[in-house]
Every structure is written in C-alpha cells, then in structure tokens.
Amino acid sequence: QVHLVESGGGLVQAGSSLRLSCVVSGGPFSFSAMGWFRQAPGKEREFVAAITWSGGSTTYPDSVKGRFTISRDNAKNTLYLQMNSLKPEDTAVYYCAARFGVLALVTRMNEYNYWGQGTQVTVSS
C-alpha cells in the first residue's frame, strides 16, 4: 500500500524559512514524478512545485519562484520543499503528490494519483 507522509510544517514569522519533507513508501519513488501543492482556507488547491524522477528538472509558478526549491533524495524515498522568505500569503496546508511510472514534470493536480495527508504552514506578519 502506498503512503506519502509530509512533515516539517509549523508557525513561523514572515521572512523565515521552513523545509517540508515527504516520505514515500509502497511505490517506486525513484521512478516517479513528484509535486507539491497547497490549499489555503476557502481557496482551491494550487500547484507549488514539481520535479522529475531524477531531480534534473523542476518547475514553479511565479508566486513561489525564487523562494521555494523542490528536491528529492531517491535513496531515502524522500521529497523536499525548501521554503525561504515566507510570506503570510504562503499560509496553507501543503500536500505532496506522486505519479508513479512518469518521468517528466507533472504540474496538473488531476494527473497525480497518490497524495499525502498534508502539513500546515502558517506564516504570521
């Protein structure tokens, strides 16, 4: 059975940094496209970052480009999201997502078939 477990969320002040982790079990992590999404209260879930199976390619929306960095360690079955210069508008529940058997970047929510339970990130002003 596939499990994705996020951790690393918390309450921080604006301008701070956090690193989220997502440990994947039960599936071929090293042969998967991975992504991060977030959902703020009253808003739809939105794309935050994506990475290819090797980590060689990444992509971000303009809202986080230059502040967030997605990475992966295939030996540890772990996906990361380094978040710097956090803003109050980054407050949301952050989810990792997996699409096994796909090597390219995946940015659309409906193209992922496994999701974690989410970790709360709250940024105070």
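Use the structure listed above.
Quantities reported herein were computed from a predicted structural model and do not represent experimental measurements.

I'd like a description of unusual backbone geometry, backed by residues and values.
Residue N77 is not a glycine yet carries a positive backbone phi of 55°. Mapped onto the secondary structure, N77 falls in the loop between β7 (68-73) and β8 (78-83). Located in the positive-phi region is S85, a residue other than glycine, with phi close to 50°. Take S85: it is sitting in the loop between β8 and β9 (92-100). What makes S85 partly exposed here is its relative accessible area of 42%.

Got a sec to walk through a nonpolar patch on the surface? Specific residues and values, please.
A cluster of nonpolar side chains, F31, W53 and L103, forms an exposed patch at the surface whose accessible area comes to about 290 Å². If you trace the backbone, F31 turns up in the loop between β3 (18-25) and β4 (32-39).

Could you give an account of the environment of I51, naming the residues involved and the relevant values?
Positionally, I51 belongs in strand β5 (residues 46-51). Under the relative-accessibility criterion, I51 is labelled buried at 1%. Separated by 43 residues in sequence, I51 and G8 place their C-alpha atoms 19 Å apart. With residues near it in sequence (within four places) discarded, I51 still touches A33, M34, S57, T58, I70, S71, R72, L79 and L105.

Please set out the side chain of R38 residue by residue, giving values where relevant.
Mapped onto the elements of the fold, R38 is located in strand β4. A distance of 2.6 Å separates a polar atom in the side chain of R38 from a polar atom in the side chain of E46. Among the polar contacts made by the side chain of R38, one reaches the side chain of D90 at a distance of 2.9 Å. With residues up to four places along the chain from it excluded, the contact list for R38 reads E44, R45, E46, V48, S63, V64, F68, E89, D90, A92, V93 and Y94.

For the pattern of salt bridges, give the residues involved together with the corresponding values.
The full count for this structure, using the stated rule, is four salt bridges. Notably, a salt bridge pairs E46 with R38, separated by 2.6 Å at the nearest N-O pair. Taking relative accessible area as the criterion, R38 reaches 5% and is therefore assigned buried. Between R67 and D90 there is a salt bridge, with its nearest N and O atoms 2.7 Å apart.

What counts, and at which threshold
- Residues numbered from 1 in each chain as written.
- Predicted model: local features only at pLDDT ≥ 70, side-chain atom pairs only at ≥ 80, totals over all residues.
- Heavy atoms only, no water.
- Helix = DSSP H or I, 4+ residues; strand = E, 2+ residues; numbered from the N terminus.
- Buried < 20%, exposed > 50% of the residue type's maximum accessible area, 1.4 Å probe, protein only.
- Patch = residues over 30% accessible without salt bridge, like charges linked within 9 Å, V, L, I, M, F, W, Y side chains within 5 Å.
- Areas by Shrake-Rupley, 256 points an atom, 1.4 Å probe, with all protein chains shown as cover.
- Salt bridge = Lys/Arg side-chain N within 4 Å of Asp/Glu carboxyl O.
- Contact = heavy atoms within 4.5 Å.
- Polar contact = N/O pair within 3.5 Å; in protein donor to acceptor, adjacent residues only side chain to side chain.

By themselves these figures say nothing about function.
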